[in-house]
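Here is what each chain is made of, one letter per residue.
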Amino acid sequence: MSSHLLNDLPTGWHVDQAIVTEKERLVVIRFGQENDRQCVLMDELLYSIGGKVKNFAVIYTCDITRVPDFNEMYELTDPMCVMFFYGNKHMMCDFGTGNNNKMNFVIDDEQEMIDILETIFRGARKNKGLVISPYDYNDKRVED
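Residues numbered from 1 in each chain as written. Predicted model: local features only at pLDDT ≥ 70, side-chain atom pairs only at ≥ 80, totals over all residues. Heavy atoms only, no water.

Visitor: Help me understand the overall build of the protein chain in this model?
Guide: A tally of regular secondary structure across the protein chain gives 3 helices and 6 strands. Reading the protein chain from its N terminus to its C terminus gives the helix and strand order β-α-β-α-β-β-β-α-β. Computed over the C-alpha atoms, the radius of gyration of the protein chain is 14 Å, within 12% of the 15 Å expected from 2.2 N^0.38 for a compact globule of 144 residues. By principal-axis analysis of the C-alpha atoms, the protein chain measures approximately 35 × 30 × 30 Å. Within the span of the protein chain, comprising 144 residues, buried residues form 47% of the whole. When contacts within the protein chain are restricted to residue pairs at least 6 apart in sequence, long-range pairs at least 24 apart make up 74% of them. As displayed, the protein chain has an accessible area near 7,600 Å², and 45% of this comes from carbon and sulfur atoms. (Helix = DSSP H or I, 4+ residues; strand = E, 2+ residues; numbered from the N terminus. Rg over C-alpha atoms; globule rule 2.2 N^0.38 Å. Buried < 20%, exposed > 50% of the residue type's maximum accessible area, 1.4 Å probe, protein only. Contact = heavy atoms within 4.5 Å. Areas by Shrake-Rupley, 256 points an atom, 1.4 Å probe, with all protein chains shown as cover.)

Visitor: Please clarify how the packing of aromatic side chains should be interpreted in this entry.
Guide: Aromatic ring pairs: the centre-centre distance and the angle between the two ring planes describe each pair. Using the criterion set out here, one finds 9 aromatic pairs in the structure. When the ring of F70 is compared with that of Y74, the centres are 5.6 Å apart and the planes differ by 15 degrees; the resulting orientation is stacked. Relative to F105, the ring of F95 lies with its centre 5.6 Å away and its plane at 90 degrees, an arrangement referred to as edge-to-face. One end of the pair, F95, is in the loop between β5 (89-94) and α3 (110-125); the other, F105, is in the loop between β5 and α3, with 10 residues separating them in the sequence. (Phe/Tyr/Trp six-rings, centres within 6.5 Å; stacked < 30°, edge-to-face > 60°.)

Visitor: Explain the sheet that holds β5 here, please?
Guide: Backbone hydrogen bonds hold the strands of a sheet together, and the pairing may be parallel or antiparallel. Reading across from one edge, β1-β3-β2-β4-β5-β6 is the order of the 6 strands in this open sheet, with mixed pairing throughout. At either end of the open sheet lies a strand with only one pairing partner, and these are β1 (7-8) and β6 (130-132). Judged from the 3 bridges that link them, β5 and β6 form a sheet pairing that is parallel. Across the sheet, C93 pairs through a bridge with V131, a residue of β6. (Pairing = 2+ DSSP bridges.)

Visitor: Is there a simple way to explain helix α1 (residues 12-21) in this structure?
Guide: Note that an α-helix has 3.6 residues per turn; residues three or four places apart therefore point the same way. Of all the positions in α1, only G12, V15, A18 and I19 are classed as buried. End-on view of α1: buried residues confined to an arc of 125 degrees, all on one side of the axis. On its buried face, α1 is in contact with β2 (26-32), β3 (57-63) and β4 (80-86). (Arc of directions from axis to C-beta.)

Visitor: Can you help me understand the packing of helix α2 (residues 37-53) against α3 in this one?
Guide: A packed helix pair is summarised by two numbers, namely the angle formed by the two axes and the spacing between the axes. Interhelical geometry of α2 versus α3 gives an angle of 55 degrees and a closest axis separation of 10 Å. The angle between the axes of α2 and α3 places the two elements in the oblique class. For α2 against α3, the interelement crossing comes out right-handed. Residues L45, L46, S48, I49, K52 and V53 of α2 lie in contact with α3, whose contacting residues are E110, M113, I114 and L117. (Axes fitted to C-alpha atoms, helices over the stretch in contact; angles between N-to-C directions. Parallel < 35°, antiparallel > 145°, perpendicular 65-115°, else oblique. Left-handed = near helix turned anticlockwise from the far one by under 90°.)

Visitor: Please explain the pattern of salt bridges as it appears in this structure.
Guide: Should their charged atoms come close, side chains of opposite charge can pair. What the rule picks out here adds up to 7 salt bridges. Residues joined by salt bridges that share partners form a network here, namely D8, E34 and R66. (Salt bridge = Lys/Arg side-chain N within 4 Å of Asp/Glu carboxyl O.)

Visitor: Looking at this structure, I do not really get the environment of Y60. What am I missing?
Guide: Positionally, Y60 belongs in strand β3. Take Y60: its relative accessible area is 16%, and that puts it in the buried class. A C-alpha to C-alpha distance of 17 Å links Y60 and D78, two positions 18 residues apart in sequence. Non-local contacts of Y60, meaning those with residues more than four positions away in its chain, are made with N7, L9, A18, V27, V28, I29 and R30.

Take a look at the structure:
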């Protein structure tokens, strides 16, 4: 399973350190339960692009069952979500889903994910807290 090949953040302290200490690159954290099917699929994609984005992004995983520290703060109620941080700040991205705080759906195209990470990174470097995704995922919207 690819999640074991990605950098895992085993405690809340490790999550904090990953976010706080990285000054130059986008911090990408896949939160979820590592055996969940959506997490496995997203981890495989993230692992496959890791080498291609290493100059501007660093990718981690965090199991929300083992590390529940951020579940309430980041509203980690989805089986899988990806969040983005830059310069110790949470980066938001408008995917057209109504949830700008995190990506809570699986992407299966490497180039699409690379484009999203590049867009968020470029926006972050310009001190933008919210960027618009280069792709519209309105069809991924989850109705309450």
